[in-house]
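# Structural overview
The residues making up each chain are set out below.
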Amino acid sequence: MSKSAEQYLDAAGVQSALNRVLRPLVRLAIKCGVTFPTFVDLLRQIYVNVAEHEFTLPDKQQTDSRVSLLTGVHRKEVSRLRGAGAPVRVIPESVSRTSAIVARWLADPLFTDAKGAPLPLPRMAEAGEASFAGLVESVTRDLRPRAVLDDWLDRKLVEIDEEDRIVLMEAAMAPRDDGEVRLYYFARNLQDHAAAAVANILADKPPFIERAVHYDGLSEDLARSLEAYSRKVAMETLIQLNKHANQAVKSDPGGTNRWNCGVYILTSDGASFAGEESSKPAGGDA
C-alpha cells in the first residue's frame, strides 16, 4: 500500500522547516517590540484554538484533555484559553472601500485607456462619461465622492494634474503609510500563502499552485535586473486577473467563497538573512 503525503512528514523535518519559516516573523516581532513571552502566550492561544476548532472528532465533543494531548499545553491552561471562537477575518473599512474602488478603476473599460492603464479622471462628467464621481458611485452610494477624494489626496493615493484631473498613484496599489492597511494585507496574504502551501504538503494531490522561479549565485546587477523585470510581469498579470474577475463578478449570484491570487518577489544577498542557504549557481522552478 502506498504511503500518503502526511506519512512522509515527521516532527523533526517539520520543526526544521518551521525554523526557517518563523525567522522573518521573529525578526518583525523583535523589531516592533513583541517580546518572547508575549509571542509564546500568543502561540499557546493559537495552538489551543486550532486544536479546538480544526481537530475535532466526528460525533464527539472536543475535551480539554484531548486538546491538551494534541498540543502539549497543560490542561488547566487549555481550560482557561478555550472558548474564544475561531478567529474572525476583520477587514478594515479603509481597505474594503479603497480596494473596491481602485479595482474598478484598474479593470472597467470605462475608466481605462486602450492599453488598460487607469485614466486620469475629471471630478464630474456628463452621464455615460468617465469621472471620479461616477467611479465612486459605481461601487458605492454610501460615500460622497468628494469625501473619498479628500481622503485619498491626504493619503497620497491620487494627485491632481495640471488639467484638474484625478490621477491614480502607485501607492493606491501598494499601501505604504497606513499601518493598519499594511498589517491587514501582510496577514491576509501571508496566511493565504501559508494555507495553500500547507494544504499542498499534506495532500497526496496538491490542490493549489504554489511555485517559484529561483536562481542563486547571481551578481547584484543581474539580481536587480531580474527583480525589475519580474515586477513588470507580475503587475501586468495581476492587472489582467483583476480585469477578468471584476467583469465576472457582475453576473455572479454571490456566495461565501473567496479567491486570492498573490505574487511575491525577493532579491537578497545570500548573507543578508541568517539561516539562508549559501549562494551557489543554481536555478529552477519549485
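The paragraphs below set out a description of the structure included in this document. (Residues numbered from 1 in each chain as written. Predicted model: local features only at pLDDT ≥ 70, side-chain atom pairs only at ≥ 80, totals over all residues. Heavy atoms only, no water.)

A few words now on the overall build of the chain. Looking only at helices and strands, one finds nine helices and five strands in the chain. Counted from the first residue to the last, the chain has its helices and strands arranged as α-α-α-α-α-β-α-α-β-β-α-β-α-β. For the chain, long-range pairs separated by at least 24 residues make up 55% of all intrachain contacts whose partners lie at least 6 apart in sequence. (Helix = DSSP H or I, 4+ residues; strand = E, 2+ residues; numbered from the N terminus. Contact = heavy atoms within 4.5 Å.)

What follows is about the packing of helix 6 (residues 132-139) against helix 7 (residues 145-154). Between two packed helices, what matters for the description is the angle formed by their axes and the separation of those axes. Running from amino to carboxyl end, helix 6 crosses helix 7 at an angle of 105°, the nearest separation of the two axes being 9 Å. Between helix 6 and helix 7, the angle falls in the class roughly perpendicular. Of the residues in helix 7, those in contact with Phe132, Ala133, Val136 and Glu137 of helix 6 are Pro145, Val148, Leu149 and Trp152. Taken together, the residues of the contact of helix 6 with helix 7 break down into seven nonpolar, no polar and one charged. (Axes fitted to C-alpha atoms, helices over the stretch in contact; angles between N-to-C directions. Parallel < 35°, antiparallel > 145°, perpendicular 65-115°, else oblique. Nonpolar A, V, L, I, M, F, W, Y, C, P; charged D, E, K, R; others polar.)

Taken together, the side chains of Leu9, Val14, Leu18, Val21, Leu22, Val26, Ile30, Val198, Ile201 and Leu202 present a nonpolar region at the surface, about 810 Å² in accessible area. For the nonpolar patch, the elements supplying multiple residues, two or more each, are helix 1 (11-31) and helix 8 (179-202). Among the elements that make up the nonpolar patch, the one with the highest residue count is helix 1 (six residues). Mapping Val21 onto the fold places it in helix 1. (Patch = residues over 30% accessible without salt bridge, like charges linked within 9 Å, V, L, I, M, F, W, Y side chains within 5 Å. Areas by Shrake-Rupley, 256 points an atom, 1.4 Å probe, with all protein chains shown as cover. Salt bridge = Lys/Arg side-chain N within 4 Å of Asp/Glu carboxyl O.)

Right, let's talk about the sheet that holds strand 2 (residues 158-160) for a bit. If you walk across this open sheet you meet the three strands as 1-3-2, and the pairing is antiparallel. Each of the sheet's edge strands pairs with one partner strand only, and the pair in question is strand 1 (121-122) and strand 2. (Pairing = 2+ DSSP bridges.)

The next point concerns the pattern of salt bridges. Enumeration according to the criterion identifies 16 salt bridges in this entry. Linking Arg123 and Asp164 is a salt bridge whose minimum nitrogen-to-oxygen distance equals 3.1 Å. Separated by 41 residues along the polypeptide, Arg123 in the loop between strand 1 and helix 6 and Asp164 in the loop between strand 2 and strand 3 (165-168) bring together distant segments of the chain. A salt bridge links Arg165 to Asp161; the nearest nitrogen and oxygen atoms lie 2.9 Å apart.

With that out of the way, let us pick up the packing of aromatic side chains. Each aromatic ring pair is specified by the distance between its two centres and by the angle formed by the two planes. Scanning all chains against the criterion turns up three aromatic pairs. Aromatic side chains Phe132 and Trp152 sit 5.8 Å apart centroid to centroid with 75° between the ring planes, which places their arrangement in the edge-to-face category. Of this pair, Phe132 sits in helix 6 while Trp152 sits in helix 7; the two residues are 20 residues apart in sequence, bridging distant segments of the chain. Trp152 matches Phe132 in its accessibility class, with the two residues each being buried. Centroid distance Tyr184 to Tyr185: 5.3 Å. Interplanar angle 65°. Geometry classified as edge-to-face. A relative accessible area of 10% places Tyr184 in the buried class. Here the aromatic residues Trp105, Phe132 and Trp152 are joined through ring pairs into a cluster of three or more. (Phe/Tyr/Trp six-rings, centres within 6.5 Å; stacked < 30°, edge-to-face > 60°. Buried < 20%, exposed > 50% of the residue type's maximum accessible area, 1.4 Å probe, protein only.)

The next thing to look at is unusual backbone geometry. Positive phi outside glycine occurs at Asp59, with the angle close to 60°. Although it is not a glycine, Asp164 sits at a positive phi angle of roughly 60°. According to the relative accessible area criterion, Asp164 is partly exposed, its value standing at 40%.

Residues Trp105, Leu121, Phe132, Leu135, Trp152, Val158 and Leu168 are the most contacted members of the largest nonpolar core, which totals 18 residues. Those elements that place two or more of their residues in this core are helix 5 (93-107), helix 6, helix 7 and strand 3. The element best represented in this core is helix 5, accounting for four residues. Contacts of Trp105, omitting those with residues within four sequence positions, involve Phe111, Thr112, Pro118, Leu119, Leu121, Phe132, Leu135, Trp152, Val158, Ile166, Val167 and Leu168. (Core = buried A, V, L, I, M, F, W, Y, C linked by side-chain atoms within 4.5 Å.)

Taken N-terminus to C-terminus, the directions of helix 2 (residues 36-54) and helix 3 (residues 64-71) make an angle of 120°; their axes are 9 Å apart at the nearest point. Between helix 2 and helix 3, the angle is such that the two are oblique. The two elements helix 2 and helix 3 cross, and the hand of that crossing is right-handed. Facing Tyr47, Val48, Ala51 and Glu52 of helix 2, the residues of helix 3 in contact are Val67, Leu70 and Thr71. (Left-handed = near helix turned anticlockwise from the far one by under 90°.)

Keep in mind these numbers describe shape, not what the thing actually does.
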